[in-house]
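Here is how the chains run, residue by residue.
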Amino acid sequence: MSSLLTLARPAPRQRLPLVDAFKAVASQLIVLHHLAFYGPLSDGAYLLAPDLVAWFSQDARMAVQVFLVIAGFLAARSLAPEAVLVTAKPLTQLWQRYVRVALPYIAALLVAIACTQLAGHWMQHDSLPDPPTLWQFVSHVLLLQSVLDVDALSAGVWYVAIDFQLFALLLLLLWAARRWSDGPSTRRRRLARALVWGLGLASLFYFNRDADWDNWAVYFFGAYGLGALAYWFSQLPSGRARRWRMWALVLLTLLALVVDFRTRIALALTVAVVLAWSLRKGWLYSWPRSPVLAYLGKISYSVFLLNFPVALVVNAWFTRYGSDDVWVQSAGVLVAWLACNLAGAAFYHLVEQKLSRLGRPRAPQTLSA
């Protein structure tokens, strides 16, 4: 193994408490955003706490940036711990990623369709998706619904497609860096980091400033690339090289914010710096020691997948059987929040864990750095 890795690297499947904490908080903010943005129950809650509900409705969705940075950080850690692609079969790696991500997602889509039908019996509301067509379902299975301009079957599923695009794009860049460089591994590392850095800057300065690109990975690659580069730079053995690269990353991102300030990018930069610092100092693997955050982080993907359809059913039930009293409606929001987490936990244990194992190879082939 290369001498570049001066820090002991744990097994890839080891839990990372800080990452779990980020995922736990971010997933709960997304749930609360959906509860505030969709369904009639939020109208009653708004009368009691207008500023809080408005914040959840409009600003809490920025928590997606946390997932983007973490996704880039973990992808770099698994695909190229030393900034050199380790898999000998990139297409096989991509297929395994699809299986791990898409099978639970497809199962959640089926649950969403059933929940929408049930909710439709109890209420009529513009937050209810239309009955799905076969083409609509197939486009979702292929993770192409956004680029094909197909109506979403559930809120938030666009992120699953973008996450897969980003993973594929990073895999492509790493493969290109390995293929284009026949020299020593140091040259391949530099080329890989340069490609990711270059596309990340293109995203921050151009693509992320144009909403017409928001169905494509390049729009989000700035945040994703920050996560990947934060992992690689924090692993550099030379303190001087590590510091100036991290400072360059921070300063260039700040320059992009000077050109066009975006709170979401400022949040992404903050998360990337915290992850890099925690990895270098070692507390990425040991802090915070909270079983609640650890569990919520572990089930965050299932909660993310199921929160919208479950919330729709709770909204519909309260619309049909509850009163118009604002306290009852606000209590309905809390019931929906609890139901989303309970359903996500059940889905994680009964579905996600079993299906995602299908995408884990028993003996993956790798190439040495």
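Every value quoted in this text rests on a predicted model; they were computed, and no experiment measured them.

About the criteria used
- Residues numbered from 1 in each chain as written.
- Predicted model: local features only at pLDDT ≥ 70, side-chain atom pairs only at ≥ 80, totals over all residues.
- Heavy atoms only, no water.
- Patch = residues over 30% accessible without salt bridge, like charges linked within 9 Å, V, L, I, M, F, W, Y side chains within 5 Å.
- Areas by Shrake-Rupley, 256 points an atom, 1.4 Å probe, with all protein chains shown as cover.
- Salt bridge = Lys/Arg side-chain N within 4 Å of Asp/Glu carboxyl O.
- Helix = DSSP H or I, 4+ residues; strand = E, 2+ residues; numbered from the N terminus.
- Buried < 20%, exposed > 50% of the residue type's maximum accessible area, 1.4 Å probe, protein only.
- 1 Å grid on protein atoms, 1.4 Å probe; cavity = no way out; pocket = protein on both sides within 12 Å on 5 of 7 lines; lining within 4 Å.
- Points joined across faces, edges and corners; volume = space filled by probe spheres on them.
- Nonpolar A, V, L, I, M, F, W, Y, C, P; charged D, E, K, R; others polar.
- Contact = heavy atoms within 4.5 Å.

A.B. asks: How should I be thinking about a nonpolar patch on the surface in this particular structure?
C.D. replies: On the surface, a nonpolar cluster with roughly 570 Å² of combined accessible area is contributed by L134, W135, V138, L142, L144 and L148. Looking at the secondary structure, you find L144 in the loop between α6 (134–141) and α7 (158–180). Its relative accessible area of 34% is what places L144 among the partly exposed residues.

A.B. asks: Looking at this model, I keep getting lost on the layout of surface pockets. Mind explaining?
C.D. replies: To find leftover empty space, a probe the size of one water molecule is rolled over the atoms. The space that makes up the second largest pocket amounts to roughly 910 Å³. What lines the second largest pocket is a set of 32 residues, among which H33, Y38, R61, G156 and W158 lie closest to the centre. Counting residues per element, the ones that place at least two in the lining of the second largest pocket are α1 (17–37), α4 (64–79), α7, α9 (217–234) and α13 (300–321). With four residues, the top contributor of residues to the lining of the second largest pocket is α1. Its residues placed into classes, the lining of the second largest pocket shows 17 nonpolar, 10 polar and five charged.

A.B. asks: Can you walk me through the environment of F205 in this structure?
C.D. replies: With respect to the secondary-structure elements, F205 resides in helix α8 (residues 185–205). Relative accessible area serves as the criterion here: at 26%, F205 is assigned to the partly exposed category. If we ignore the near neighbours within four places in the chain, the residues touching F205 are L252, L255, A256 and V259.

A.B. asks: What am I meant to see in empty space enclosed by the protein here?
C.D. replies: Considering all chains together, one arrives at four cavities of 30 Å³ or more under this definition. Volume-wise, the second largest cavity comes out at about 40 Å³. Taken together, V196, W197, G200, L201, L204, G222, G225, L226, L229, L249 and T253 make up the full set of residues lining the second largest cavity. Taken together, the elements giving at least two residues each to the lining of the second largest cavity come down to α8, α9 and α10 (239–259). The biggest single contributor to the lining of the second largest cavity is α8, with five residues. In terms of residue class, the lining of the second largest cavity is built from seven nonpolar, four polar and no charged.

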